[in-house]
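So you can see what is in the structure, the chains are spelled out below.
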Amino acid sequence: MYVILEWTRVDLGILLGAQLQLPPLQNRRFVTLRECTVRLIKMAAARLVAGTGSVKLPPVTFVTGNAKKLEEVKVILGNSIPFQSLKLDLPELQGDPEDIAKEKARLAANQVKGPVLVEDTCLCFNALKGLPDLRILHHSYIHVYALLLVILWIHSKWFLQKLGHEGLNNMLMAYEDKSAYAMCIFSFAIGPNSEPITFVGKTAGRIVPARGPNDFGWDPVFQPDGYELTYAEMPKEEKNKISHRSRALALVKSHFAEAGYAFDT
Ligand SMILES: O=c1[nH]c(=O)c2ncn([C@@H]3O[C@H](COP(=O)(O)OP(=O)(O)OP(=O)(O)O)[C@@H](O)[C@H]3O)c2[nH]1
Ligand SMILES: [Mg+2]
C-alpha cells in the first residue's frame, strides 16, 4: 500500500519503479496494487529459487556454436547481464522445443560447471499446423514426406542447408497460408545440478521469396508482420527490436533483474 501511495510522487515512484521493474510511468500516474504485488511475489520467488543474497555466481556462459546468434545476443544484452561466450557444438536434439532448450542447458552446464544460457530457435509454418518444433523444416518435411523421418531426424542442420530458401518457399506452394512465426527459446541453468528455466519469444510473419543478404539462416525468407522488409533486409537494429530473439531476451533480462543474482566480477 505504501508503494501505491508514494507512486504518485514522481521521484520516489521512479525509484520504486526501477527497483520493482514496473512499467514506466509514461502517461499514467498510478500503478495498480496488483502490478506491485505480482512483481514483489515474482522477485521474492526468483530470489528464493536462485538462493541469491548469499550466493555469488561466476559470469553466465552463453553456449552456442552459431556466430550470428552470438552477434545478436551481444548487442541485445549489452551490459545488462555479465556473460561470456563459449563455442560448443551441442547435439541437435529433437522433440518439444522447450524440452530441447532445457536439455541443451543441462548438457552445457555439465560441461561448463557453472551458470549457462543456451538458446534454440525454430521457424514454424502455420499452414503445416504450426507443427511444434518445425526447426528449420525438418519436422515439416516429416509432415510432407513421412518416409524421410529417420534421415531428417539425424540431419536437421544438413537438411536446412540442402533445402535452401527456395525449398522453404516451395514447401508452402500447395498452401495459400504463407504465415509463419519465428520462435526462440532461451534456457538458463544456474549449474550442473539445477533445473533449467526457459524464456520464449515469438515473432509472427510470413514466408516470402528470399530477399536481402544471405548470411544468417532463413532471415531472407522471413518477413515479419507489419514490415515490407525481410529480417535480412532490415537494419540489424530494427531486427533486434522486434525479433523472436530480442523478445525472449527481454524475459531473460527481467528474470535476472527480479532474481537479483550477484556476480563475481
Ligand atoms: O535466419 C535466421 N534467423 C535467426 O534469427 C536464426 N536463429 C537461428 N537460426 C538458424 O536456425 C537453426 C536453429 O538451430 P539451433 O537453434 O540449434 O542453432 P545452431 O545449431 O546454429 O546453434 P546452437 O545450437 O549451437 O546455439 C540454425 O540453422 C540457425 O542458423 C536462424 N536463422
Ligand atoms: Mg544447434
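Relevant structure appears above.
Attention in this report is confined to the structure presented alongside it. (Residues numbered from 1 in each chain as written. Chains lettered and ligands numbered in written order. Predicted model: local features only at pLDDT ≥ 70, side-chain atom pairs only at ≥ 80, totals over all residues. Heavy atoms only, no water.)

**So, the side chain of T64**
With respect to the secondary-structure elements, T64 resides in the loop between β2 (60-63) and α4 (67-77). By relative accessible area, which is 9% here, T64 ends up buried. For T64, the side chain forms a polar contact with the main-chain nitrogen of N66, separated by 3.0 Å. With sequence-adjacent residues up to four places away left out, T64 is seen in contact with K69, L70, L86, K87 and L88. (Helix = DSSP H or I, 4+ residues; strand = E, 2+ residues; numbered from the N terminus. Buried < 20%, exposed > 50% of the residue type's maximum accessible area, 1.4 Å probe, protein only. Polar contact = N/O pair within 3.5 Å; in protein donor to acceptor, adjacent residues only side chain to side chain. Contact = heavy atoms within 4.5 Å.)

**A look at the packing of aromatic side chains**
Under the counting rule described, the total for this entry stands at nine aromatic pairs. Ring centres of F256 and F263 lie 6.3 Å apart, and the angle between their planes is 10°; this geometry places the pair in the stacked category. With respect to burial, F256 and F263 carry one shared label: buried. A network of ring pairs unites the aromatic residues F188, F256, Y261 and F263 as a single cluster. Over the face of the ring belonging to Y231 we find K239, whose NZ or CZ atom lies 4.9 Å from the ring centre. (Phe/Tyr/Trp six-rings, centres within 6.5 Å; stacked < 30°, edge-to-face > 60°. Lys NZ or Arg CZ within 6 Å of the ring centre and 35° of its normal.)

**Some words on the sheet that holds strand β4 (residues 116-125)**
As summarised here, the arrangement of the six strands in space is β3-β2-β4-β5-β6-β7, forming an open sheet in which the pairing is mixed. Among the strands making up the open sheet, the edge pair consists of β3 (83-86) and β7 (222-224). Across the sheet, the axes of successive neighbouring strands diverge by a mean angle of 35°, strand direction being ignored. Here four bridges tie β2 to β3, and the two strands are oriented parallel to one another. Directly across from V63, in β3, lies its bridge partner L86. Docked against the sheet, α4 engages β2, β3, β4 and β5 (179-189), running at close to 180° with respect to β3. Docked against the sheet, helix α10 (residues 244-259) engages β2, β4, β5 and β6 (197-207), running at close to 160° with respect to β6. (Pairing = 2+ DSSP bridges. Axes fitted to C-alpha atoms, helices over the stretch in contact; angles between N-to-C directions.)

**A closer look at the pattern of salt bridges**
When their charged atoms lie close together, side chains carrying opposite charge are able to pair. With the rule as written, the count across this model stands at 14 salt bridges. Between D215 and K68 there is a salt bridge, with its nearest N and O atoms 3.4 Å apart. Here D215, found in the loop between β6 and β7, pairs with K68, found in helix α4; they are 147 residues apart in sequence, far enough to count as distant. The class for D215 is partly exposed, based on a relative accessible area of 48%. Accessibility expressed as a relative area gives 18% for K68, which makes it buried. Its salt-bridge partner being E233, residue R211 comes within 3.1 Å of it at the nearest N-O pair. Here the residue R211 occupies a position in the loop between β6 and β7, and E233 occupies one in the loop between β7 and α9 (236-242), the gap between them amounting to 22 residues. (Salt bridge = Lys/Arg side-chain N within 4 Å of Asp/Glu carboxyl O.)

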